[in-house]
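Listed here are the chains, written in short residue letters.
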Amino acid sequence: MSEQTPPSGTASALRSSAPRMPAARLGVAVVHDLVEAIVKGDVSPGDALPPEEKLAQHFAVSRTVIRESVKRIEEKGLISVAPGRGTIVQPKTMWNILDPVVLAVLLENDSSLGVLDDIAVIRASLEGSMSSATASRRTEEQLAMVTESLLRMEESVEDPEVFPDADLEFHFLVMTLSGNELASSITKILFSRARQSARFVGNQSTDAFHVTLEEHRRVHDAIAAGDPAEAEAAMRAHILDAWQRRRFPTARER
């Protein structure tokens, strides 16, 4: 890594957070904190990270840990090593947003809910398309699986500990049956990460569960009828409407 001096303010931005270094997770913590500094804009695109020695001092770790951590962050698309310029922060358009660490940090700092809003739109599009495919290609045996999944939702609709998992199972089953492995993988990554955010799963109630159940029933019925257009429309509407029911207004929106 180049020893180029970073732009004014870069090192101080990284110094603003106290190091937190569990011995067994040094590299994980370093990666998280550097990714967070970039995501929050403490280090701007085009800026150079502080040199290896300064980062090692800041995080109280060896230069080997820093070197490996920087390599992992480069693999995520957040930085590039430029000969003669140092380790340069890349623009957001270059980031691997589906990387678990990058996505988790984006959600941790999603005060505007813009990331979760975008996830809802992407999920609606991809899951709508997959529901359409499932409706057009499902077998009677596969339909029975979807019906059984809906039944588990019906049986648990009054149980806030069980219903969310039954809901998740229904979505994952419909995606799997679509046969679109790429779209299914992308959506599952987004869904699973978003589900770890309190903002994503908040504002739930058994009344909302009953509305959700009816929306899933419409998806089921369209799949049962072999109606791709209706299955797509029902799933799209469900995902967007369910997110709006859960979405708390941000401070700026109040």
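Note that the structure is predicted; figures quoted are calculated from it, not measured. Along each chain, numbering runs from 1 in the same order as the chain's sequence is written. Owing to the predicted nature of the model, reporting of local features is limited to residues with pLDDT of at least 70; listing and counting of side-chain atom pairs is limited to 80 or more, with chain, interface and lining totals taken over all residues. Just so you know, side-chain values use all the structure's heavy atoms and leave hydrogens and water out.

The subject of this paragraph is the pattern of salt bridges. Proximity of charged atoms lets side chains of opposite charge pair with each other. In the sections that follow, a salt bridge refers to a side-chain nitrogen of Lys or Arg positioned within 4 Å of a carboxyl oxygen of Asp or Glu. Applying the stated criterion across every chain, the model contains 14 salt bridges. The salt bridge partner of Arg 217 is Glu 214, with a shortest N-O separation of 2.2 Å. In this pair, Arg 217 and Glu 214 both sit in helix α11 (residues 206–224), three residues apart, roughly one turn of the helix. What makes Arg 217 partly exposed here is its relative accessible area of 22%. Taken together, the shared-partner salt bridges connect Glu 52, Arg 63 and Arg 67 into one network. Where helices and strands are cited, they refer to DSSP runs of H or I of at least four residues and of E of at least two residues respectively, numbered from the N terminus. Relative accessibility thresholds used throughout: buried, under 20% of the residue-type maximum; exposed, over 50%; partly exposed, between the two (1.4 Å probe, protein chains only).

What follows covers the confidence of the model for the protein chain. The score called pLDDT rates the predictor's confidence residue by residue, from a low of 0 to a high of 100. Summing up the model confidence of the protein chain, the mean pLDDT is 89 and the portion of residues at 70 or higher is 89%. When mean pLDDT is compared element by element in the protein chain, helix α7 (residues 140–156) scores highest at 98, while helix α1 (residues 10–15) scores lowest at 56.

This paragraph deals with the side chain of Arg 123. In this structure, Arg 123 sits in helix α6 (residues 114–137). On the basis of relative accessibility, which here comes to 6%, the residue Arg 123 falls in the buried class. In what follows, residue pairs with any heavy atoms lying within 4.5 Å of each other are defined as contacts. If near-sequence neighbours (up to four positions away) are discounted, Arg 123 is found in contact with Gly 128, His 171, Thr 187, Phe 191, Phe 200 and Ile 239.

Time to look at the pairing of strand β1 (residues 79–82). Only strands joined by at least two bridges in the DSSP assignment are considered to pair. Inspection of the sheet shows β1 paired to strand β2 (residues 86–89) by four bridges, in the antiparallel sense. Looking at β2, one finds that Val 81 is bridged to Thr 87.

So, about the packing of helix α8 (residues 163–178) against α11. One can describe the packing of α8 onto α11 by two numbers: an axis separation of 12 Å at closest approach and a directional angle of 20°. It follows from the interaxial angle that α8 and α11 lie roughly parallel. Between α8 and α11 the crossing geometry is left-handed. Packed against α8, whose contacting residues are Phe 163, Pro 164, Asp 167, Phe 170, His 171 and Val 174, the element α11 presents Phe 209, Thr 212, Leu 213, His 216, Val 219, His 220 and Ile 223 at the interface. For helices, the fitted axis covers only the stretch in contact; all axes are lines through C-alpha atoms, and the angles between them, taken along N-to-C directions, range from 0 to 180 degrees. Angular relationships are summarised with four words: roughly parallel below 35 degrees, roughly antiparallel beyond 145, roughly perpendicular across 65 to 115, and oblique for the angles in between. By the definition used in this description, the sense in which the near helix is turned from the far one sets the handedness, with an anticlockwise turn below a right angle giving left-handed and a clockwise turn giving right-handed.

Note on placement: Ala 222 falls in helix α11. It is 8.0 Å that separates the C-alpha atoms of Ala 222 and Ala 234, two residues lying twelve residues apart in sequence. With near-sequence residues (within four places) excluded, Ala 222 lies in contact with Ala 135, Asp 227, Glu 230 and Ala 231.

Put simply, two rings from Phe, Tyr or Trp (the six-membered ring, in Trp's case) pair if the centres are within 6.5 Å, and we call them stacked under 30 degrees between planes, edge-to-face over 60, tilted for the rest. For the coordinates displayed, the defined rule picks out four aromatic pairs. For the pair Phe 172 and Phe 191, a centre-to-centre distance of 6.0 Å together with 75° between the ring planes defines the contact as edge-to-face. Remark: Phe 191 occurs in helix α9 (residues 181–195) and Phe 172 occurs in helix α8; sequence separation between them is 19 residues. On the basis of relative accessible area, Phe 191 is assigned to the buried category, the value being 6%.

Before going further, it helps to examine the nonpolar core. Note that soluble globular proteins tend to have their nonpolar side chains buried in a common cluster. Among the buried residues, those of types Ala, Val, Leu, Ile, Met, Phe, Trp, Tyr and Cys that are joined through side-chain atoms within 4.5 Å form a nonpolar core. Counting residues in each nonpolar core, the largest one holds 37 residues, and the members touching the most others are Ile 66, Ile 73, Leu 78, Ile 79, Leu 116 and Ile 119. Taken together, the elements giving at least two residues each to this core come down to α2 (26–39), α3 (52–59), α4 (63–75), α5 (100–108), α6 and α9. Broken down by element, the residue count for this core peaks at seven residues, all from α2. Both domains that meet at this core, namely domain 1 (23–92) and domain 2 (100–253), each give it at least three residues. If we skip the residues at most four places from it in the chain, Leu 78 touches Val 35, Ile 38, Ile 73, Ile 88, Val 89, Gln 90, Trp 95 and Val 102. One finds Ala 135, Val 157, Ile 223 and Ala 231 within the second-largest nonpolar core, a separate group that totals 22 residues. Domain start and end points were adopted from an automatic or database domain assignment.

Another point: the layout of surface pockets. For the largest pocket, the calculated volume is near 320 Å³. Buriedness for pockets is judged along seven lines, at least five of which must meet protein on both sides within 12 Å for an open set on the 1 Å grid over protein atoms alone, while cavities are sets there where a 1.4 Å probe fits but cannot get out, and lining residues have an atom within 4 Å of a point. As for the largest pocket, its lining consists of 19 residues, of which Asp 167, Phe 191, Phe 200, Gln 204 and Arg 246 are closest to the centre. Every element with two or more residues in the lining of the largest pocket is listed here: α8, α9, α10 (198–201), α11 and α12 (228–246). The nonpolar class holds Ala, Val, Leu, Ile, Met, Phe, Trp, Tyr, Cys and Pro. Asp, Glu, Lys and Arg form the charged class, and all remaining residues, Gly among them, are polar. Looking at the lining of the largest pocket residue by residue, the classes come out as ten nonpolar, four polar and five charged. Grid points are joined across faces, edges and corners, and a volume is the space filled by probe spheres set on the points. Approximately 210 Å³ is the volume attributed to the second largest pocket. In terms of lining residues, the second largest pocket is bounded by Lys 92, Ile 97, Leu 98, Leu 103, Leu 106, Val 115, Asp 118, Ile 119, Ile 122, Ile 186 and Leu 190. If you list the elements that add at least two residues to the lining of the second largest pocket, you get α5, α6 and α9.

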